[in-house]
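# Coordinate analysis (summary)
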Amino acid sequence: MYTVMVTGGLGSGKSMVCEMLGAHGACSLDLDGIAHNLLENDTQMIDELTDEFGEVILDEAGNIDPKRLAAVAFSDDASTQALDDITHPRIMKVASDYLSDVHCSPQSAAPVQVVEVPLLTQYPDFARLADSIISVTAPSELRLARAIARGMDPLDATRRISLQATDAERNEIADDIIDNSGTSDELQEAVDAWWAAHEEAFHG
């Protein structure tokens, strides 16, 4: 199966690109779903998170509450880094095993598998599993406005954008760059053009 990884900063529109690729027939590997599964079932990770952030992240049943975890983990840069250090290597390991078919997981009949990876620049080994990498770009001011429009706190959105890789850093590892500084129709045209240009490779 042809694997395309889509990366981009907060508010860049990478999720929209993934949805548009899905409309063309691509299936999706959900890293958020992997993360939620680990939060529920990986006892070692649960213990490490509880040790790091305290029992305030647990619900009444003693399970990790994602909202409580987010409130603490995104309160400052050091806490966010600690969360990333504990969770992201495990998420990447599960995703890598799936893409490498380590456990002979059943694969979809779709010709393309799309994976949305915001922090792809931090995981070069994972990036090597991609047949193609798309970087979705947009000016930081526009990305901030989009994040605020969908309900994010302006200060939190600004801080998260400042901590992320730059478009230049993401573009450096990308095979293709899709500019999303225009309309949704223009984005659709760009995604359609990308699919048409690569379609022969999907069946190669």
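Remember, it's a predicted structure, so these values are computed and weren't measured experimentally.

Next up on the list: the overall build of the protein. Across its full length, the protein carries 10 helices and five strands. Scaling as 2.2 N^0.38, a compact globule of 204 residues should have a C-alpha radius of gyration of about 17 Å, and the protein matches this with 18 Å. On the principal axes, the C-alpha backbone points of the protein span a range of 50 × 45 × 25 Å. Residue burial in the protein is summarised as follows: out of 204 residues, 43% are buried. With an accessible surface of roughly 10,700 Å², the protein has 51% of that area assigned to carbon and sulfur atoms.

Counting 32 residues, the largest nonpolar core has M5, L49, L69 and F126 as the members making the most contacts within it. When residues of this core are traced back to their parent elements, those giving at least two are helix 2 (31-41), helix 3 (43-53), helix 4 (66-73), helix 5 (77-99) and helix 6 (124-127). At seven residues, the largest contribution of residues to this core is made by helix 5. If we ignore the near neighbours within four places in the chain, the residues touching M5 are L99, V115, V117, L120, F126, A127, L129, A130, S132, I133 and I134.

Here the focus is the pattern of salt bridges. Tallied over the entire structure, the rule returns 10 salt bridges. When the shortest N-O distance is used, the salt bridge between R68 and D65 registers 3.6 Å. On the basis of relative accessibility, which here comes to 31%, the residue R68 falls in the partly exposed class. Salt bridges sharing partners connect three or more residues here, namely D77, D156, R159 and R160.

So, on to the packing of aromatic side chains. On inspection of all chains with the given rule, the structure shows three aromatic pairs. With 6.0 Å between their ring centres and 35° between their planes, W194 and F202 make a pair best called tilted. No difference in accessibility class separates W194 from F202, as the two residues are buried. Over the aromatic face of F74 sits the side chain of R160, whose NZ or CZ is 4.1 Å from the ring centroid.

This next bit is on helix 2. Listing the buried residues of helix 2 in full gives L31, I34, A35, L38 and L39. The buried side chains of helix 2 occupy one side of the element, clustering within an arc of 135° when seen end-on. Structural note: helix 2 exposes D32 and E40 on the side pointing more than 90 degrees away from its buried face. Of the residues flanking the start of helix 2, the one acting as N-cap is D30, its side-chain oxygen 3.0 Å from the backbone nitrogen of D32.

Another aspect to go through is a negative patch on the surface. On the surface, a cluster of negative charge is made up of D47, D51, E52 and D85. In terms of residue count, helix 3 provides more of the negative patch than any other element does, three residues in total.

Attention now goes to the sheet that holds strand 2 (residues 27-29). Pairing between the strands of a sheet comes from backbone hydrogen bonds, and it takes one of two forms, parallel or antiparallel. With parallel pairing, five strands are arranged side by side in an open sheet as 2-3-1-4-5. A strand with exactly one partner marks an edge of an open sheet, and here the two such strands are strand 2 and strand 5 (176-179). Direction aside, neighbouring strands of the sheet carry axes that sit 30° apart on average.

A few words now on the packing of helix 3 against helix 5. Running from amino to carboxyl end, helix 3 crosses helix 5 at an angle of 175°, the nearest separation of the two axes being 11 Å. The pairing of helix 3 with helix 5 is recorded here as roughly antiparallel in orientation. Within the contact between the two elements, helix 3 uses Q44, M45, E48, L49, E52 and F53 and helix 5 uses S79, A82, L83, I86, T87 and R90. For the contact of helix 3 with helix 5, the residue count by class is six nonpolar, three polar and three charged.

Parameters and conventions
Residues numbered from 1 in each chain as written. Predicted model: local features only at pLDDT ≥ 70, side-chain atom pairs only at ≥ 80, totals over all residues. Heavy atoms only, no water. Helix = DSSP H or I, 4+ residues; strand = E, 2+ residues; numbered from the N terminus. Rg over C-alpha atoms; globule rule 2.2 N^0.38 Å. Buried < 20%, exposed > 50% of the residue type's maximum accessible area, 1.4 Å probe, protein only. Areas by Shrake-Rupley, 256 points an atom, 1.4 Å probe, with all protein chains shown as cover. Core = buried A, V, L, I, M, F, W, Y, C linked by side-chain atoms within 4.5 Å. Contact = heavy atoms within 4.5 Å. Salt bridge = Lys/Arg side-chain N within 4 Å of Asp/Glu carboxyl O. Phe/Tyr/Trp six-rings, centres within 6.5 Å; stacked < 30°, edge-to-face > 60°. Lys NZ or Arg CZ within 6 Å of the ring centre and 35° of its normal. Arc of directions from axis to C-beta. Polar contact = N/O pair within 3.5 Å; in protein donor to acceptor, adjacent residues only side chain to side chain. Patch = residues over 30% accessible without salt bridge, like charges linked within 9 Å, V, L, I, M, F, W, Y side chains within 5 Å. Lys, Arg positive; Asp, Glu negative; His and termini not counted. Charge placed at Lys NZ, Arg CZ, Asp CG, Glu CD. Pairing = 2+ DSSP bridges. Axes fitted to C-alpha atoms, helices over the stretch in contact; angles between N-to-C directions. Parallel < 35°, antiparallel > 145°, perpendicular 65-115°, else oblique. Nonpolar A, V, L, I, M, F, W, Y, C, P; charged D, E, K, R; others polar.

Shape descriptors only; they carry no functional weight alone.
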